[in-house]
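Spelled out, the chains give:
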Amino acid sequence: MKKFTWLLLFFLSVATLQAQDNFSRDVIYLSGEGTITLKSTASSSEKKQAIPMAVKSAIDTYLFAGIQGVDDGKPILKESDRSTHSYYFDRLYENNRYAVFAKPTDSPKPKKNALGLWEVTVTVLLYKDALDRDLLQNDMRQPEASEMSAEEVSDNGINPSIMVVPYKQENETYQQILSGDSDKRIAISKVQEEFRSIGVTTVDFEAKYNAALRSNEFEYENAGSFDDQLIKSSGADIYVSVDIIKRNTGSKGSVSLTLKAYETATGNLLSSQISNYSGTTSFDRLCVGAIHKVSEEFLAEVVESLAKTIDRGTSVTLRVGIAEGSYRTLNDEVGNDGLFVISDYIRTWIRKNAVGGVFHQQGKTDLSMILDNIQIPNKDENGILQDANDFAVRLTRYLKKLGINASNRLDGNTIYLTIED
């Protein structure tokens, strides 16, 4: 009996030491983005150290374990970074530097827990953006795309492209504008030159249009649907709509230039600027003046939006269909257990492989399904660049392993997946 008692005491003492030495992972996200509010529970052998330990635990969990609701629940650092950069963490925790980045917002009284340690649950304010900047300045992490300039984004192997297009009214077509509106053609050219000057890859709209027209590339019912397919299949991540109005009054002229940037895959507006410029009667010079007047701010917004797109991944739409003559439907059960149907497996795979597991189901029938707003990570777990085609191939291979034959094709930022059995 004495031997058992001594063993019990020994294991309790070991557990106490471990609980005392290790940071807690009992941290819950409450609210916020740049500065976030957390609920942190931790314990210490010293009553006065319980609250500081809870604050340190909040920081350590964010860095090394990740917190659900913050950055997709992923940690910022690897556990090996703790020893590699031991000097940084000695200063952070032992020299109380952690107080610069986090603080408790309440002061509850610690209570003894079952291990005899002082335990407390504290609301912690974590200055996430400040901590992220400090990690970057100390070479603890790589910069995200939104923290880079356009040139740096390109140098890091990711170079989103832009196509500059003329603004068109509801019943107007690109063909009408290209053949009858030289002002817009000049404005497009000047805006495109501005993008190129900062290192952004551009897709030449007029060349793309003429090539598609010559090759009968699209199946379309009218000129409007041709124009829509041209943008979606352009390969450009973003398209910028340009509208310009000119006025001449005697020896002076003026223009009003409107620029709007949209994400090609979703149609979401990324940036919008209006510039009024007057002076010379030379239309070329008026265009250049109007563009230069707003280019810095507009391009900064576009580049920032591009960078955010890179950080969250490329947005694509997945259209799933059944081949003509196939005996399959999307509601067919697959596998020996018969618990899931084909559409369930596709949705589950998308949820596991999309950024944050987020997507929107636009519609579903026995023979078709549309999932949009799927964010594809721009790099895989090995840091290798991937695109929509890679994503589609991986999904097709996954289905084949389940005994489902499928094919895929890519049209711009839309993946067409066809079940062929």
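Residues numbered from 1 in each chain as written. Predicted model: local features only at pLDDT ≥ 70, side-chain atom pairs only at ≥ 80, totals over all residues. Heavy atoms only, no water.

Of regular secondary structure, the protein possesses 13 helices and 17 strands. Evaluated residue by residue, the protein yields a buried proportion of 43% over its 421 residues. At a minimum sequence separation of 6, the contacts of the protein that also span at least 24 residues come to 59%. For the protein, the exposed area adds up to about 22,800 Å²; of that, 47% sits on carbon and sulfur atoms. (Helix = DSSP H or I, 4+ residues; strand = E, 2+ residues; numbered from the N terminus. Buried < 20%, exposed > 50% of the residue type's maximum accessible area, 1.4 Å probe, protein only. Contact = heavy atoms within 4.5 Å. Areas by Shrake-Rupley, 256 points an atom, 1.4 Å probe, with all protein chains shown as cover.)

Let us look at the confidence of the model for the protein. In regions of low pLDDT, the predicted coordinates are not meant to be interpreted in detail. Per-residue pLDDT for the protein averages 82, and the proportion of residues at 70 or more is 84%. Here residues 4-21 is modelled with pLDDT under 50, and outside its nearest four sequence neighbours on either side it reaches 10 contacts, counting other chains as well. (pLDDT = per-residue confidence, 0-100.)

As a rule of thumb, soluble globular proteins bury nonpolar side chains together. Counting 31 residues, the largest nonpolar core has Ile59, Leu63, Phe89, Leu92, Leu126 and Leu131 as its most contacted members. Looking at this core, the elements that each hand over two or more residues are strand E2 (36-44), helix H2 (50-64), helix H4 (86-94), strand E5 (118-126) and helix H5 (128-137). Looking at which element gives the most residues to this core, the answer is H2, with 10 residues. (Core = buried A, V, L, I, M, F, W, Y, C linked by side-chain atoms within 4.5 Å.)

So, about the packing of aromatic side chains. Tallying each qualifying case throughout the model produces 10 aromatic pairs. Ring plane angle 75° and centroid distance 5.0 Å describe the contact between Tyr174 and Phe205, whose orientation is recorded as edge-to-face. Taken together, the positions of Tyr174 in helix H7 (residues 174-180) and Phe205 in helix H9 (residues 205-215) put the pair 31 residues apart, joining distant regions of the chain. Across the pair, Phe205 and Tyr174 agree in class, each one buried. Aromatic rings pair up to connect Phe23, Phe64, Tyr88, Phe89 and Tyr93 into one cluster. Across the ring face of Tyr174, the terminal group of Lys168 is positioned such that the distance to the ring centre comes to 5.3 Å. (Phe/Tyr/Trp six-rings, centres within 6.5 Å; stacked < 30°, edge-to-face > 60°. Lys NZ or Arg CZ within 6 Å of the ring centre and 35° of its normal.)

It is worth spelling out the packing of H2 against H4 at this point. Following both chains from N to C, one finds H2 and H4 inclined at 150°, their axes separated by 11 Å at the closest point. It follows from the interaxial angle that H2 and H4 lie roughly antiparallel. Along its contact with H2, which presents Lys56, Ile59, Asp60, Leu63 and Phe64, the element H4 presents Phe89, Leu92 and Tyr93. A per-class count over the contact of H2 with H4 returns six nonpolar, no polar and two charged. (Axes fitted to C-alpha atoms, helices over the stretch in contact; angles between N-to-C directions. Parallel < 35°, antiparallel > 145°, perpendicular 65-115°, else oblique. Nonpolar A, V, L, I, M, F, W, Y, C, P; charged D, E, K, R; others polar.)

Applying the stated criterion across every chain, the model contains 10 salt bridges. Between Lys168 and Asp227 there is a salt bridge, with its nearest N and O atoms 3.8 Å apart. Here Lys168 is found in the loop between strand E6 (161-166) and H7, whereas its partner Asp227 is found in helix H10 (residues 223-232), with 59 residues between them in sequence. The network of salt bridges with shared partners includes Arg25, Asp60, Glu79 and Arg82. (Salt bridge = Lys/Arg side-chain N within 4 Å of Asp/Glu carboxyl O.)

Once that is clear, we can look at unusual backbone geometry. Not every positive phi belongs to a glycine, and Asp139 is a case in point at roughly 55°. Mapped onto the secondary structure, Asp139 falls in the loop between H5 and helix H6 (150-155). Relative accessible area serves as the criterion here: at 64%, Asp139 is assigned to the exposed category. A positive phi is found at Asn373, a non-glycine position, where the angle reads about 55°. Relative to the helices and strands, Asn373 is located in strand E15 (residues 368-376). The class for Asn373 is partly exposed, based on a relative accessible area of 36%.

The next thing to look at is the side chain of Ser326. By the element assignment, Ser326 lies in the loop between strand E11 (314-322) and strand E12 (333-334). Within the structure, the side chain of Ser326 is placed 3.1 Å from the backbone nitrogen of Arg328, a separation counted as a polar contact. With residues up to four places along the chain from it excluded, the contact list for Ser326 reads Ile419, Glu420 and Asp421. (Polar contact = N/O pair within 3.5 Å; in protein donor to acceptor, adjacent residues only side chain to side chain.)

Here we take up the sheet that holds strand E10 (residues 269-279). Strand-to-strand pairing in sheets goes through backbone hydrogen bonds, with the strands running parallel or antiparallel. Strand order across the open sheet formed by five strands is E7-E6-E8-E9-E10, with mixed pairing between neighbours. With one partner strand each, in any of the chains shown, strand E7 (201-203) and E10 form the two edges of the open sheet. Direction aside, the axes of adjacent strands within the sheet are offset by 25° on average. Running over the sheet, helix H8 (residues 182-197) touches E6, E7, strand E8 (238-249) and strand E9 (252-263) and is turned about 125° from E8. (Pairing = 2+ DSSP bridges.)

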